[in-house]
Amino acid sequence: PGAARNSWNWGTGFFGSSKVKPLVEVPRSERAARRTQELIAQLEKEMAKTQHQSLEERKRVFKDLQRRFHPDKNLLEEESATLAFQHLMDSRASYLKGGR
């Protein structure tokens, strides 16, 4: 009682909108767009080679891909790594089921 509470609502954002923009964005440069496609092609190739392996092997490969392509591990090309990592995560369910 007597103390004013901060009325900021962290869930509504700066302008009061509760809508969150998607994290996937278009790369800013032509070079970043090409690099993003190269990274996604690498991911697809790795997953295609192992898609018929056992579930345990696919989990191991997927975890390795997460480590290798995580944006925090690719600071020099963070934008491209972020988009490739998002593609990887979007492919997770179908890859772990064994079909792509």
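So, a few notes on the structure that sits alongside this text. Owing to the predicted nature of the structure, the values given are computational and were not obtained by experimental measurement.

Turning to the overall build of the protein chain, a few remarks are in order. The helix and strand inventory of the protein chain stands at 3 helices and 0 strands. Tracing the protein chain from N to C terminus, the helices and strands come up as α-α-α. Out of the 100 residues in the protein chain, the part that is buried amounts to 27%. A separation threshold of at least 6 residues defines the contact pool for the protein chain, and within that pool the share at least 24 residues apart is 63%. Counting only carbon and sulfur atoms, one obtains 54% of the accessible surface of the protein chain, whose full area is about 7,900 Å².

It is worth spelling out helix H1 (residues 30–50) at this point. Every α-helix carries 3.6 residues per turn, so stepping three or four residues along brings you back to the same face. Look at H1: 31 Å from first C-alpha to last across 21 residues, which is about the 30 Å you get at 1.5 Å a residue. Against helix H2 (55–69) and helix H3 (78–97) lie the buried residues of H1.

Attention now goes to the pattern of salt bridges. Taken as a whole and judged by the stated rule, the model has 5 salt bridges. Salt-bridge contacts for Glu38 lead to Arg35; the nearest nitrogen and oxygen are separated by 3.0 Å. Linking Glu38 with Arg35, this pair stays in helix H1, spanning 3 residues, or about one helical turn. With a relative accessible area of 42%, Glu38 lands in the partly exposed category. Note on Arg35: relative accessible area 24%, which makes it partly exposed. The partner of Glu46 in a salt bridge is Arg68, with the nearest N and O atoms 3.5 Å apart. Residue Glu46 is located in helix H1, and its partner Arg68 is located in helix H2; the two are separated by 22 residues in the primary sequence.

At a minimum axis distance of 9 Å, the contact between H1 and H3 shows a crossing angle of 30°. Considering their axes alone, H1 and H3 lie roughly parallel with respect to each other. Of the two possible hands of crossing, H1 and H3 adopt the one that is right-handed. Residues Ala32, Arg35, Thr36, Leu39, Ile40, Leu43, Glu44, Met47 and Thr50 of H1 form the contact with H3, whose own contacting residues are Glu79, Ser80, Ala81, Leu83, Ala84, His87, Leu88, Ser91 and Tyr95. Residues of the contact of H1 with H3, tallied by class, amount to 10 nonpolar, 5 polar and 3 charged.

Let us now look at the nonpolar core. Counting residues in each nonpolar core, the largest one holds 13 residues, and the members touching the most others are Leu43, Met47, Leu65, Leu88 and Tyr95. Elements with a minimum of two residues in this core: H1, H2 and H3. In terms of residues, this core owes the most to one element, H3, which gives 5 residues.

What counts as what
Residues numbered from 1 in each chain as written. Predicted model: local features only at pLDDT ≥ 70, side-chain atom pairs only at ≥ 80, totals over all residues. Heavy atoms only, no water. Helix = DSSP H or I, 4+ residues; strand = E, 2+ residues; numbered from the N terminus. Buried < 20%, exposed > 50% of the residue type's maximum accessible area, 1.4 Å probe, protein only. Contact = heavy atoms within 4.5 Å. Areas by Shrake-Rupley, 256 points an atom, 1.4 Å probe, with all protein chains shown as cover. Expected span 1.5 Å × (residues − 1). Salt bridge = Lys/Arg side-chain N within 4 Å of Asp/Glu carboxyl O. Axes fitted to C-alpha atoms, helices over the stretch in contact; angles between N-to-C directions. Parallel < 35°, antiparallel > 145°, perpendicular 65-115°, else oblique. Left-handed = near helix turned anticlockwise from the far one by under 90°. Nonpolar A, V, L, I, M, F, W, Y, C, P; charged D, E, K, R; others polar. Core = buried A, V, L, I, M, F, W, Y, C linked by side-chain atoms within 4.5 Å.

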